[in-house]
Amino acid sequence: MDYQSILNEIADEITPLLKDGKVADYIPALSMVDPNQFGMSITLFDGTQYSVGHSNTLFSIQSISKLFTFTLALKFHGFDLYKRIGHEPSGNPFNSLVQLEYEKGKPRNPFINAGAINVTDALINHYGDETSAYEEVLKFIRAIADEDSIRSNPIVAVSEMEHGYRNLALANLMKSFNNLDNNVLDVVQTYFNHCAVEMSTKMLSRAMLYLANHGVDPITGKSYITAQQAKRINAVMLTCGHYDASGDFAFHVGLPGKSGVGGGIVALIPKKMGIAVWSPGLNSNGNSLVGTMALELFTTKTGLSIF
Ligand code: GLU
């Protein structure tokens, strides 16, 4: 298949839509990003990459980091993790407090904010302290992306904490229900440090390969998680990866995917490739407007989806 021509066509078709999205402004450091940008990359199992647009530009991965923290928490805690976090779609916005109150401090899934904060708490338990948890997650991301230069942007992490009222409220609510073990500020800051990691679409599409290949990196042969764990992560991505628009994403795109408010979306085609797209303008659900459209065009043009 001529992937390069398909990516070029997609870039042409989405250009008129770039002005329609709105950059996330509840994190001031992210509101400065120029919305008029688009990048897309795919990485095949032999390492071949195809890209278009701003595919080397580093951007804030934000909630895409929840995929990597969930992977590690599942690896170390196994099924016990589901005592503290569910695996059902929430049908609510990513930062909603209401459902968490009704459900006694147990987040619906690891991809809404409350769930990811809880996952971070579980990782701090495993690694012993918040600094080690942060460093080990970063080390994992560097390994799966095969890129040692990956860093977290401290300006974004600080900006998130300065305006982190809602995430702190979620963490405090979980703590009040005895579903958070560590210090609230430490857990939330560690969560923000992971959200503030910066990567390009080239790096992210490479980083998705272990999930497209039953937990084993097809290039290095390194096994990160079991096939069963990879299956579960992909299932939660499909059902919960886009917050209250997860059904819509599955309907239009037909792939497991995870979005972030930085405008990135990762997706994968099992046994074939990792995909990443970035465009900072968001739709009303907090997912990249053009990114979602580009992925829909990709599965339509290639005929590749999981269905
Ligand atoms: N750091 C963001 C927050 O907690 C992540 C949200 C997202 O990317 O959807 O609000």
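Residues numbered from 1 in each chain as written. Predicted model: local features only at pLDDT ≥ 70, side-chain atom pairs only at ≥ 80, totals over all residues. Heavy atoms only, no water.

Visitor: Mind showing me how you'd approach the overall build of the chain here?
Guide: Per the secondary structure count, the chain includes 14 helices and eight strands. The principal-axis extents of the C-alpha atoms in the chain amount to approximately 55 × 40 × 35 Å. For the chain, buried positions account for 59% of its 307 residues. Counting only contacts in the chain whose residues sit at least 6 apart along the sequence, the fraction spanning at least 24 positions is 69%. (Helix = DSSP H or I, 4+ residues; strand = E, 2+ residues; numbered from the N terminus. Buried < 20%, exposed > 50% of the residue type's maximum accessible area, 1.4 Å probe, protein only. Contact = heavy atoms within 4.5 Å.)

Visitor: Help me out: how do you make sense of the site of the ligand in this one?
Guide: Neighbouring residues of the ligand: Tyr-26, Gln-62, Ser-63, Phe-94, Asn-113, Glu-160, Asn-167, Tyr-191, Cys-195, Tyr-243, Gly-260 and Val-261. Here an oxygen atom of the ligand sits 2.7 Å away from a polar atom, N or O, in the side chain of Ser-63. Val-261 has a polar backbone atom sitting 2.8 Å from an oxygen atom of the ligand. Relative to its free-state accessible area of 300 Å², the ligand is covered by the protein chains to the extent of 99%. Of the residues in the shell around the ligand, the class split is six nonpolar, five polar and one charged. (Near = heavy atom within 4 Å. Polar contact = N/O pair within 3.5 Å; in protein donor to acceptor, adjacent residues only side chain to side chain. Areas by Shrake-Rupley, 256 points an atom, 1.4 Å probe, with all protein chains shown as cover. Nonpolar A, V, L, I, M, F, W, Y, C, P; charged D, E, K, R; others polar.)

Visitor: Where do I start with the pattern of salt bridges in this structure?
Guide: Side-chain pairs of opposite charge can arise where the charged atoms are in close proximity. Counting across every chain of the model gives 10 salt bridges. Note that Asp-80 and Lys-83 form a salt bridge whose closest N and O atoms lie 3.1 Å from each other. Since its relative accessible area comes to 46%, Asp-80 is described here as partly exposed. A salt bridge links Arg-206 to Asp-217; the shortest N-O distance between them is 2.8 Å. Here Arg-206, found in helix H10 (residues 201–207), pairs with Asp-217, found in the loop between helix H11 (209–212) and helix H12 (227–240); they are 11 residues apart in sequence, far enough to count as distant. Accessibility classification places Arg-206 together with Asp-217 in one group, the buried group. Among the charged side chains, a salt-bridge network with shared partners connects Glu-9, Glu-13 and Lys-301. (Salt bridge = Lys/Arg side-chain N within 4 Å of Asp/Glu carboxyl O.)

Visitor: Quick question: what am I supposed to make of the sheet that holds strand E5 (residues 197–199) here?
Guide: Hydrogen bonds along the backbone pair up the strands of a sheet, which may run parallel or antiparallel. The three strands lie next to each other as E3-E5-E4, forming an open sheet whose pairing is antiparallel. Each having just a single partner strand, strand E3 (59–60) and strand E4 (151–152) make up the two edges of the open sheet. Judged from the two bridges that link them, E4 and E5 form a sheet pairing that is antiparallel. In the sheet register, Arg-151 faces E5, and the bridge partner there is Glu-198. (Pairing = 2+ DSSP bridges.)

Visitor: Would you mind going over helix H1 (residues 3–14) with me for this structure?
Guide: Along its 12 residues, H1 runs 17 Å from first to last C-alpha, staying within 8% of the 16 Å computed at 1.5 Å per residue. Burial in H1 covers these residues: Tyr-3, Ile-6, Leu-7, Ile-10, Ala-11 and Ile-14. Seen end-on, H1 carries its buried residues on one side only, within an arc spanning 140 degrees. The inward-facing, buried residues of H1 abut strand E1 (39–44), strand E2 (49–53), strand E8 (273–278) and helix H14 (289–302). (Expected span 1.5 Å × (residues − 1). Arc of directions from axis to C-beta.)

Visitor: What am I meant to see in H12 here?
Guide: It helps to recall that an α-helix has 3.6 residues per turn; residues three or four apart then point in one direction. For H12, spanning 14 residues, the distance from its first C-alpha to its last is 20 Å, which sits close to the expected 20 Å at 1.5 Å a residue. Burial in H12 covers these residues: Gln-229, Ala-230, Ile-233, Asn-234, Val-236, Met-237 and Cys-240. Considered in projection along H12, the buried side chains sweep an arc of 160 degrees and stay on one side of the axis. In this structure, the buried residues of H12 make contact with helix H3 (65–77), H11, helix H13 (246–252), strand E6 (257–259) and strand E7 (264–269).

Visitor: Sorry, what's going on with the nonpolar core here?
Guide: As a rule of thumb, nonpolar side chains are buried together in soluble globular proteins. If you look at the biggest cluster of nonpolar residues, it comprises 65 residues, and the most contacted ones within it are Leu-67, Phe-68, Met-199, Leu-204 and Leu-211. The biggest single contributor to this core is helix H5 (residues 113–127), with eight residues. Once residues within four sequence positions are removed from consideration, Leu-204 is found in contact with Phe-59, Ile-61, Ile-64, Phe-68, Met-199, Val-266 and Ala-276. By size, the runner-up hydrophobic cluster in this structure holds 27 residues, among which are Ile-6, Ile-14, Ile-42 and Phe-249. (Core = buried A, V, L, I, M, F, W, Y, C linked by side-chain atoms within 4.5 Å.)

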